[in-house]
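# Summary of the model geometry
Here are the chains, one letter per residue:
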Amino acid sequence: MKELVEVIAKSLVDYPEEVVVTETETNKAIVLELRVAQSDMGKVIGKQGRIAKAIRSVVKAAASKGDKKVTVDIIQ
């Protein structure tokens, strides 16, 4: 999942070298924290959060095979 979020985020931003995804796993969930450059924050979130919602939908669909819930948090 981590690689999926990285590829999507790097294709959206102007500074792909500043994209960092950290993965935290518990027994029931996986939390992916996405960090991008301050100037790229709007590109990752999108108008009214549409891009962020789309990223979360793709990750949720990819994680549907597993038994853990996957969430994506976008952090400044």
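Located above this text is the structure these notes cover.
### Things to note about the pattern of salt bridges
- Within the structure shown, the criterion is met by four salt bridges.
- In this structure, the salt-bridge partner of Asp14 is Lys43, at a minimum N-O distance of 2.3 Å. On the criterion of sequence distance, the pair formed by Asp14 in the loop between helix 1 (2-12) and strand 1 (20-25) and Lys43 in helix 2 (residues 41-45) is long-range, its members being 29 residues apart.
- In this structure, Glu25 and Lys68 form a salt bridge, with 2.5 Å as the shortest nitrogen-oxygen distance.

### Structural notes on the sheet that holds strand 2 (residues 29-35)
- Taken in spatial order, the three strands of this open sheet run 1-2-3, and their pairing is mixed. Two strands lie at the open edges of the sheet, namely strand 1 and strand 3 (69-75), each paired on one side alone. Direction aside, the axes of adjacent strands within the sheet are offset by 20° on average.
- Across six bridges, the pairing between strand 1 and strand 2 is antiparallel. Following the sheet pairing, Glu25 is matched in strand 2 by Ile30.

Cut-offs used in this document
Residue numbering note: each chain is counted from 1, following its sequence as written. Only residues with pLDDT of at least 70 are given local features in this predicted model, and only at 80 or more are side-chain atom pairs given and counted; all residues enter the totals for whole chains, interfaces and linings. Hydrogens and water molecules were not included; the side-chain quantities draw on all heavy atoms of the structure. Here, a salt bridge means any Lys or Arg side-chain nitrogen found within 4 Å of an Asp or Glu carboxyl oxygen. Counting from the N terminus, the helices are DSSP H or I runs at least four residues long and the strands are E runs at least two residues long. Two strands qualify as a pair provided that DSSP identifies no fewer than 2 bridges between them. Note on geometry: axes are lines fitted to C-alpha atoms, helical ones only across the stretch in contact, with angles between N-to-C directions running from 0 to 180 degrees.

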